[in-house]
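The lines below spell out each chain.
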Amino acid sequence: MMGDWKCIISMLLDENPLIELTDEDATNLIRLLCASVKKSIGERIVPATDNRKQYYNKAQKELFENNRRDITVAMMRNYSQLLRKFMADKAKVPSLVDIIVHMNLELYSLKRQEQNFKTLLQLMKEAFFKHGEKDALRSCVKAINFCSSECQGELKDFAQNKLKELEDELIAKLKTAIKEVTDGDDEYSLLVNLKRLYELQLSRSVPIESLFEDMVMILRSFKSMDDEVVSFLLHNMSLHVAWCLHSIINSDIVSEESLSSLLSKRNTLFEQLEHFLDAHTEVQEEGKQGNQSACRVCTILAQTWCLFKKSKFSSTKLESLGYCPDSSVLQKFWKLCEQQLNISDETEEDDVNHEYIEETNRDAVMIAAAMLVATDVVPKEYLGPEIISHFVMHGTSVAEIVKNLIAVLKKKDDDVHNIFLEAMRRAYHRHLLELSRSDDTSLASKSVKDCKDLAARLSATFMGAARNKHRVDILRIIKDGIDYAFVDAPKHLSFLEVAVLHFLSRLPTPDILEILKGVQKRTENVNTDEDPSGWRPYYTFIDSLREKCSKNDGFQDEKEGATVRRRGRPRKSRNIQGKKLFDDHSSSEEDSISASDEDARDDEERQVEQEEEEAPLIHSIRSSAKLRSLRVSREENKGQTNPGDSGRATDTVAASGTSVGPPINVVQL
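Residues numbered from 1 in each chain as written. Predicted model: local features only at pLDDT ≥ 70, side-chain atom pairs only at ≥ 80, totals over all residues. Heavy atoms only, no water.

## Observations concerning unusual backbone geometry
In this chain, A489 is followed by P490 through a cis amide linkage whose omega measures 5 degrees. Inspection of the secondary structure assignment puts P490 in the loop between α24 (471-485) and α25 (494-504). Located in the positive-phi region is S315, a residue other than glycine, with phi close to 60 degrees. Among the structural elements, S315 can be located in the loop between α15 (310-313) and α16 (327-341). (Helix = DSSP H or I, 4+ residues; strand = E, 2+ residues; numbered from the N terminus.)

Structure (structure tokens):
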């Protein structure tokens with residue numbers, strides 16, 4: 001492997017004039033080198049989906065350390081040359097810079113290569129300011145942070161100083177870019193440096209107190225800025241507030257000044273976020289499509305609300321930091337989330353920034369909303385049903401998020417039946433709105449299908465043992481659903497068919513019969529013939545209930561009529577008349593004694609066999625051995641009573657021994 005690494009490095013540095021590499025060849029070689037290094041020290045090349053930690057034995061760990069040493073030796077003298085050569089290439093820089101975090105940096109001091117290390121760090125800092133793409137920036141930040149924490153002695157001091165220089169230079173560039181925008185210049189420089197600050201703040205706290213007010217000023221003054229610039233301004237402000245909160249929570253002594261400063265920044269951030277919340281909601285109501293800025297507003301709001309969750313700070317010295325949004329803001333938040341969820345896949349593909357696609361798609365929006373309910377940041381009574389009502393509407397990834405939320409709610413033993421019923425009511429309400437809004441039958445059929453699919457998925461969460469455990473919840477869903485359907489009847493009676501019906505299959509027949517009687521009583525004094533089409537869902541529901549009852553009754557009859565298979569040995573036939581041998585040798589007295597003995601033994605055998613039927617299978621095996629011993633004993637007694645039968649008794653014992661396998665001492669059994 002060491003030879004392969006040296007060969008790749010030699011090819012990349014053009015040391016062999018016979019080998020000419022294209023730009024694509026060089027990119028692939030650098031990616032191959034990085035992947036090979038990761039594999040050699042036990043890291044996964046492709047991230048695992050289960051996030052399980054890998055465990056290695058002592059020999060494997062020693063091998064990985066040796067490989068780490070080998071790659072450090074191979075790269076030590078040539079790393080700076082490679083980085084200098086390919087620094088301008090955004091496709092090569094991420095993989096090339098990433099190699100250093102897998103090296104043993106202590107060898108730079110042991111082999112007197114400190115100057116090479118310092119040159120390498122300087123080049124990484126230059127690469128950070130040369131690029132504005134996520135992968136390149138993230139690799140540079142990761143590498144410089146690794147060097148500042150993993151180095152020893154003089155090299156550690158140098159790396160930390162270099163990191164401080166990088167922060168100072170970035171803040172200076174941002175101040176210059178903000179001034180250029182206020183003077184009417186282009187926003188590109190501001191956007192690139194905001195991205196750099198964002199990637200840096202993801203891993204460490206950056207002192208941008210002086211910049212925070214400038215960011216607020218530019219957001220308030222320039223309402224027509226590019227959405228991406230607005231997004232990264234809000235993100236950097238939220239990260240700064242999060243780092244300030246982290247500092248206060250981990251401080252032994254909290255000054256009033258720092259607490260007041262944090263509260264002021266938090267309130268300013270919420271003010272800006274709520275402003276853009278209103279702005280994006282109004283824009284999308286006018287028919288304009290969503291954008292990544294709207295997704296950012298949703299995710300930043302949810303994350304910040306989680307950070308300042310009221311219950312986290314209650315009854316503490318920091319109680320003033322607790323925050324819970326009021327219902328009007330929460331409704332606006334969900335309205336914007338819902339608008340993002342309803343954007344078509346084609347529009348989302350055209351609008352989204354693919355560089356940060358995992359942060360600005362509908363999955364990110366749904367995760368943000370579900371996180372608020374799962375962690376009890378907001379009351380679940382409003383947002384929980386709204387989220388669950390979208391269970392089957394937006395593909396498998398969103399459905400999986402909602403499924404996990406339902407699992408969390410069930411573990412908490414929350415008011416699941418009310419949440420489920422309210423979710424179905426809101427889906428049904430959307431269906432009614434669709435019917436009133438448009439004459440398009442395809443849209444109406446899709447909305448009613450969504451209602452039925454939602455009810456089917458929710459009822460399926462009560463499968464197996466959960467039926468008995470949650471029987472009361474199922475009955476409440478059905479009872480309350482029927483109550484809702486009969487409010488202003490027959491206006492909402494179709495709710496019985498699209499929602500309630502799916503939960504009935506989770507109940508036993510007696511419960512279904514009781515529900516059937518209760519529903520029929522509701523129409524005893526009602527003339528349903530006045531509006532036959534309106535009452536049709538009611539009769540469909542009644543017919544379905546009767547059908548389920550009849551099916552369940554037939555199934556029960558079939559179960560009762562079925563014969564139960566006995567375990568163990570088949571039952572012996574009783575009172576079988578056989579030919580009596582040796583009549584001339586038996587007296588009447590002997591016959592009566594033998595008959596009474598026979599009856600006693602038969603009673604004993606019957607008792608044993610009866611016990612065998614009721615006993616577990618393993619016990620029946622032991623009982624069969626006991627029966628054999630009884631029969632053998634009976635034959636021996638006959639042999640002792642009647643000398644003429646001695647030969648036959650001996651043969652019986654022998655036969656019983658051969659019929660069950662090798663000769664066995666029946667007494668031991």
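## Examining the packing of aromatic side chains
What the rule picks out here adds up to 17 aromatic pairs. With a centroid separation of 4.8 Å and 85 degrees between ring planes, the pair formed by Y56 and F64 is classed as edge-to-face. The class of F64 is buried, set by a relative accessible area of 14%. Plain terms: the ring middles of Y428 and Y484 are 6.3 Å apart, the flat faces sit at 85 degrees to each other, and that makes the pair edge-to-face. Placement of the pair is Y428 in helix α21 (residues 416-437) and Y484 in helix α24, with a sequence separation of 56 residues. (Phe/Tyr/Trp six-rings, centres within 6.5 Å; stacked < 30°, edge-to-face > 60°. Buried < 20%, exposed > 50% of the residue type's maximum accessible area, 1.4 Å probe, protein only.)

## Thoughts on the state of the cysteines
Throughout the structure, instances matching the rule amount to zero disulfides. The closest cysteine sulfur to the non-disulfide-bonded C337 is located on C298, 3.7 Å from its own sulfur. (Disulfide = S-S within 2.5 Å.)

## Brief notes about the confidence of the model for the protein chain
Predicted confidence across the protein chain gives a mean pLDDT of 81, with 78% of residues reaching 70 or more. Here helix α30 (residues 646-659) stands out as the element of the protein chain with the lowest mean pLDDT, 40, in contrast to helix α10 (residues 188-201), whose mean of 96 is the highest. Residue range residues 573-596 is modelled with pLDDT below 50. Its contacts to residues more than four positions away, or to other chains, number 10 contacts. This model gives residues 640-669 a pLDDT under 50, and the stretch forms 19 contacts once residues within four places in sequence are excluded. (pLDDT = per-residue confidence, 0-100. Contact = heavy atoms within 4.5 Å.)

## Section: α24
Taking 1.5 Å per residue as the helical rise, α24 with its 15 residues ought to reach 21 Å, and the 21 Å between its terminal C-alpha atoms agrees with that figure. Buried residues of α24: D473, I474, I477, I478, G481, I482, Y484 and A485, and no others. Along the axis of α24, the buried residues cluster in a sector spanning 165 degrees; they form a single face. (Expected span 1.5 Å × (residues − 1). Arc of directions from axis to C-beta.)

## A closer look at the packing of helix α7 (residues 114-130) against helix α8 (residues 134-150)
For the pair α7 and α8, interaxial distance at closest approach is 9 Å and the crossing angle is 150 degrees. Both α7 and α8 take part in a crossing whose hand is left-handed. Seen from α7, the contacting residues are F117, L121, M124, K125, A127 and F128; seen from α8, they are L137, C140, V141, A143, I144 and C147. By residue class, the composition of the contact of α7 with α8 is 11 nonpolar, no polar and one charged. (Axes fitted to C-alpha atoms, helices over the stretch in contact; angles between N-to-C directions. Left-handed = near helix turned anticlockwise from the far one by under 90°. Nonpolar A, V, L, I, M, F, W, Y, C, P; charged D, E, K, R; others polar.)

## Concerning the pattern of salt bridges
Tallied over the entire structure, the rule returns 30 salt bridges. With its nearest N and O atoms 3.4 Å apart, the salt bridge here joins D98 to K38. Residue D98 is located in helix α5 (residues 93-98), and its partner K38 is located in helix α2 (residues 23-40); the two are separated by 60 residues in the primary sequence. Put simply, K446 and D450 hold a salt bridge, and the shortest N to O gap is 3.2 Å. One end of the pair, K446, and the other, D450, are both in helix α22 (residues 441-459), four residues apart, so they sit about a helical turn from each other. It is possible to trace a salt-bridge network through shared partners that takes in K125, K162, E165 and E169. (Salt bridge = Lys/Arg side-chain N within 4 Å of Asp/Glu carboxyl O.)

## A closer look at the side chain of K265
Tracing the chain through its elements places K265 in helix α13 (residues 256-285). No salt bridge is formed by the buried K265; its nearest oppositely charged neighbour, E209, is found at 4.3 Å. Excluding its chain neighbours within four sequence positions, the residues that come into contact with K265 are E209, F212, H240, V241 and C244. (Lys, Arg positive; Asp, Glu negative; His and termini not counted.)

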